[in-house]
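# Tertiary structure, described
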Amino acid sequence: MKNVRRGYHEEDHQLFSEQTLPLLSSCADDITYLLNRGYPYKSAVTFVGNHYLLTERQRNALMRICVSDEMLKTRKQKQLPSLPEKCTVNIDAFNAVVLMETALSHSMLLLGRDGCCRDLSGLAGTYAVIEKTDPAIEHIIEKLQEQHVSKAVWWIDAPVSNSGRLKQHIAGSAEKMNFPIDIQMVRNADTELKKMGNVISGDSIVITECLSWYNLYVDLIRDLENPWIIKI
C-alpha cells in the first residue's frame, strides 16, 4: 500500500497563497459573470485565465469552484438540510474516498461557491490504494452511522484502474464497522447517480442533476484537525 500524500503539490503554497487569493477571487467573479451570460465553463475559464496569465492548476481550481447563479439555485433547491432518519444513501465512491484521502493527507481542498469541498487530485482514469484509503472510508462510514443512516450504496466506476481493490477495501471497512452496504460496479457512476436521491457527492454535474443530495463532505472535514481549505 502506497504511503503518499493524495493531491499534494508543493507549488500550491505559492499558487494559492494569501497574496494570490485576491487575484483569484477577482478571476472567479469574472468567470461567474461570463457563466451568467451563457458562456460555457471551459471558454469562460480559458478567457479569464489567459487574460490573467493563470497556471493550469489555478484554472482547474476555478473550474471547480465557479458556478452560474442559475445553476447554484438549482443545486441549493436539491440540497437536503439533513439526511432522513434511517435512509439509504447513494455514494459517489471515488469522489468521496479521494476527497477524504486528500484531506487526511493534509493536501489542499477547495471550498466551492456552492458550499462543496473539492480536491485537485485528478484521477484521470487511474487510481491506487494508499495508506489513507481505509481511514478515509472508515471516517465516511462513521459519519453516516452518527447520522443514523441505515444503508449506503457505493457506486464505483468499474473502468477506473484498481476499482476492484477499492471495492474490497470498502467492503472490508463496512464489515469491520458492522454497517450495511451495497456496492455497484458500473460503467459510469455519474450517469447512475444523476437518477438518484440522497446522493453523497461533490461532483458538479451530479449534484445539479440528481433528485436530492446532502453535503456530507463539510461534516467530514469539520471533524479533522487543521484541514487545508482554500476559499476563493
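We now turn to the structure provided with this report. In this text, all values refer to a predicted model and were calculated from it rather than measured experimentally.

## Some words on the sheet that holds strand β4 (residues 151-157)
With parallel pairing, four strands are arranged side by side in an open sheet as β5-β4-β1-β6. What marks the edges here is a single partner per strand, and that holds for β5 (181-186) and β6 (199-200). The sheet contact formed by strand β1 (residues 88-92) and β6 spans two bridges and is parallel. Bridging from a neighbouring strand, Ile91 pairs with Ile200 of β6. Along the sheet, helix α7 (residues 133-146) makes contact with β1 and β4, crossing β4 at roughly 145°.

## Overview of the side chain of Ser173
Here Ser173 shows up in helix α8 (residues 163-176). Overall, the relative accessible area of 3% leaves Ser173 in the buried class. Ignoring sequence-local partners within four residues, the contact set of Ser173 consists of Asp134, Ile137, Glu138 and Ile141.

Reading the values: the criteria
- Residues numbered from 1 in each chain as written.
- Predicted model: local features only at pLDDT ≥ 70, side-chain atom pairs only at ≥ 80, totals over all residues.
- Heavy atoms only, no water.
- Pairing = 2+ DSSP bridges.
- Helix = DSSP H or I, 4+ residues; strand = E, 2+ residues; numbered from the N terminus.
- Contact = heavy atoms within 4.5 Å.
- Axes fitted to C-alpha atoms, helices over the stretch in contact; angles between N-to-C directions.
- Buried < 20%, exposed > 50% of the residue type's maximum accessible area, 1.4 Å probe, protein only.

All quantities given are derived from atomic positions and should not be read as evidence of function.
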